[in-house]
Amino acid sequence: MDKIDKSLLEKVSSLHEIKLGAFNIRKNGEVLERKTSGEIDIVPKKDKPGIDIIIKPNVQNKAVHIPVIITAGGLNDLVYNDFYVGENSFVTIVAGCGIHNTSNIDSVHNGIHSFHLGKNSHIKYIERHVGEGKGKGGKILNPTTKIYQKENSIMEIETLQLGGVTSSVRKTYARLGENAQLNVQENILTEDKETATTLFKVTLEGKNSKVEVVSHSVAKGKSYQEFKSDLIGKAECFGHVECDGILLDNARIVSVPMIDAINSDASLVHEAAIGKIAGDELIKLMTLGLSEEEAEDVIIKGFLMG
Amino acid sequence: MLKLENVSYLVSEKDNDKDILKNINLDFLKGKIYVITGPNGSGKSTLVKLIMGILSPTEGKIVFNDKDITNLKINERAGLGIAYAFQQPVTFKGLKVKDLLNIASNKENDFNTLCDYLSKVGLCAKGYINRPLDDKLSGGELKRIELAMVLARNALVNIFDEPEAGIDLWSFENLTKVFKELKSTTIIVSHQTKILEIADTVILLKEGKVEKIGSNSEVKPLLHLEMCGKLRGENG
Ligand SMILES: Nc1ncnc2c1ncn2[C@@H]1O[C@H](COP(=O)(O)OP(=O)(O)OP(=O)(O)O)[C@@H](O)[C@H]1O
Ligand SMILES: [Mg+2]
């Protein structure tokens, strides 16, 4: 592993205090390192690139890291990672992809993840996306996440992408059983001519299932972001989507809500607010001594990392 | 140390211009407590916003320690030592109480120092320093944190716009104590008798003009007149 590898790895998978149960590091389409444990097994797929991550029942407070790094230009990486989470287990999964592309040819990573959550299981999924390198070649990331939640399971997703990614199309599909809960916090910054698209399609199938999506996006320069969410309530359930966007320069953010309460007891809400940085927040910070630019930075940092 | 010379603030509306403040001349002396009072809409908040630089006067000059600050930005005035607590505290998405106190004091504070800032306004630091400064905090809590931020600046001129609003009676006594202990030039916008009582000078604004300047006992009778006048008016 060289310096660039290490720094990329740190950015996408900064070490956690939680005890590491297993990990799999993928570099330029190949497995670089892998470790499994009795509780968490990682099995390479036979028919396509990728791995099955099998978490036994009753595993408590362990972490799995599956970072991907790409340092080669012109690479088109496709990987399938399937997680099977045993009943009553609570595991933190740190995934994410860092592309360091100094070439003039695009590098692409398509990560297709599926999560099968057993009854009463709880997954915290942390996903970081980083693009860097001065070449003209794009740093392109297209993660797709499919989630299947059994009764009483909890899935928490934290997505962070802070600039440098030329284009991303992020798709998340979820089906929630009885009492299942899905919480998503997505924080995205785009700059220059970057584009980022997010699509959520959540089907609330079980009684008392609940989804909460909070998306904070900041678009700078001439960048473009699109946020689409599609909630389908098939039972007495609760869904709340909040899309909050800050626009700077000539950027654009488009929020598209779709809500379908098939069951009339479904309570579904989509809130969207997109606009400039709030003037009173800037003024307040300026009264505390910050210049306008410093105040902007503080507000954006807090908004994305807070 | 702080002077307003012939300051006016006028807004242009469709058909006519509206004088919000007209020909204000005031001289705030070092270390004194000033209380600005007057009916709703008389221009009190506008006046203190002009001092902080949140609004710019359409006429006149603001001088601070012999320096003309009329065209300085808000943060430049803050840098010279003017601090301001908003009538309606501002909330943020993602900034914590701790972050704002650190920005206000321009240093990274340890727990004990943060505790000092917050206990002055009657809050226990433990419960608050890591809370986001958002609208999940109650009105009174926001108001106290707003005050704590100003105290953390250790400024030469402290401006408070209706600091007592939403603060319960018990804390109110402590609040007046905090104001009295400040070594700064203190400008408080208030309607409260308890606050008027600690003023060295009371400034009564009415319809954008200074109606009266004097000690509390000099201005007080006018405040009563004001009220009686209103009552008479209402009774026809
Ligand atoms: N931009 C503006 N355009 C038009 N009118 C304004 C503007 N800003 C303030 N005003 C008016 O100026 C007057 C003074 O407002 P200001 O907020 O200074 O009053 P105040 O004395 O602080 O009142 P209160 O006691 O209610 O806080 C009010 O009538 C208000 O409606
Ligand atoms: Mg006011």
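Residues numbered from 1 in each chain as written. Chains lettered and ligands numbered in written order. Predicted model: local features only at pLDDT ≥ 70, side-chain atom pairs only at ≥ 80, totals over all residues. Heavy atoms only, no water.

With that settled, the discussion passes to empty space enclosed by the protein. Residues and elements named next belong to chain A. The final tally for this structure, using the stated rule, is 4 cavities of 30 Å³ or more. Considered as a void within the structure, the largest cavity measures approximately 100 Å³ in volume. Taken together, 15 residues form the lining of the largest cavity, with G96, C97, H109, H113 and H129 sitting closest to its centre. For the lining of the largest cavity, the elements supplying multiple residues, two or more each, are strand 8 (90–100), strand 9 (107–117), strand 10 (122–132) and strand 11 (139–149). Residue classes in the lining of the largest cavity are distributed as 7 nonpolar, 7 polar and 1 charged. Estimates place the volume of the second largest cavity at around 70 Å³. In terms of residue count, strand 13 (residues 167–176) provides more of the lining of the second largest cavity than any other element does, 3 residues in total. (1 Å grid on protein atoms, 1.4 Å probe; cavity = no way out; pocket = protein on both sides within 12 Å on 5 of 7 lines; lining within 4 Å. Points joined across faces, edges and corners; volume = space filled by probe spheres on them. Helix = DSSP H or I, 4+ residues; strand = E, 2+ residues; numbered from the N terminus. Nonpolar A, V, L, I, M, F, W, Y, C, P; charged D, E, K, R; others polar.)

Okay, the sheet that holds strand 17 (residues 224–233) of chain A next. All names here are of chain A. Strand order in this open sheet of 9 strands is 3-4-7-9-11-13-15-17-19, and the pairing throughout is mixed. A strand with exactly one partner marks an edge of an open sheet, and here the two such strands are strand 3 (40–44) and strand 19 (252–261). Across this sheet, the average inter-strand angle for adjacent strands is 10 degrees, counted without regard to direction. Bridge analysis of strand 3 against strand 4 (residues 50–55) gives 5 bridges, and the strand direction is antiparallel. Bridged to P44 within strand 4 is I51. (Pairing = 2+ DSSP bridges. Axes fitted to C-alpha atoms, helices over the stretch in contact; angles between N-to-C directions.)

A separate point is the domain arrangement of chain A. Residue and element names in this part refer to chain A. When the domains of chain A are assigned, the result is domain 1 (3–278) and domain 2 (279–306). Domain 1 puts 15 residues into the contact, and the matching count from domain 2 is 10 residues. Both faces combined, the contact of domain 1 with domain 2 buries some 1,000 Å², and carbon together with sulfur accounts for 77% of it. For the domain 1 face of the interface with domain 2, the top three residues by lost area are H216, I277 and A278, together amounting to 48%. (Domains from an automatic or database assignment. Contact = heavy atoms within 4.5 Å. Buried area = accessible area lost by both parts, 1.4 Å probe.)

Another aspect to go through is the packing of helix 3 (residues 97–105) of chain B against helix 4 (residues 111–120) of chain B. Residues and elements named next belong to chain B. At a closest axis distance of 11 Å, the pairing of helix 3 and helix 4 adopts a crossing angle of 95 degrees. By the angle class used here, helix 3 and helix 4 are roughly perpendicular. Of helix 4, the residues touching helix 3 (which contributes V97, K98, L101, N102 and S105) are L114, Y117 and L118. Class assignment of the residues belonging to the contact of helix 3 with helix 4 gives a composition of 5 nonpolar, 2 polar and 1 charged. (Parallel < 35°, antiparallel > 145°, perpendicular 65-115°, else oblique.)

What follows covers the nonpolar core. Formed by 93 residues in total, the largest nonpolar core has its most connected members in A:L285 and B:L118. For this core, the element with the highest residue contribution is helix 6 (residues 139–153) of chain B, accounting for 8 residues. Summarising the domain contributions, this core has at least three residues from each of domain 1 (3–278) and domain 2 (279–306) of chain A. In contact with A:L285, not counting residues within four places along its chain, are A:L290, A:A295, A:V298, A:I299, B:F92, B:L95, B:L100 and B:I103. (Core = buried A, V, L, I, M, F, W, Y, C linked by side-chain atoms within 4.5 Å. Buried < 20%, exposed > 50% of the residue type's maximum accessible area, 1.4 Å probe, protein only.)

A few words on the layout of surface pockets. Approximately 530 Å³ is the volume found for the largest pocket. Taken together, 20 residues form the lining of the largest pocket, with A:H216, B:K93, B:G94, B:D134 and B:K136 sitting closest to its centre. Listed by contribution, the elements that provide at least two residues to the lining of the largest pocket are strand 14 (181–190), strand 16 (209–219) and helix 3 (292–305) of chain A. Considering each element in turn, the lining of the largest pocket owes the most residues, 4 residues, to helix 3 of chain A. Among the residues making up the lining of the largest pocket, the classes are represented as 6 nonpolar, 7 polar and 7 charged. For the lining of the largest pocket, the two domains that each supply at least three residues are domain 1 (3–278) and domain 2 (279–306) of chain A.

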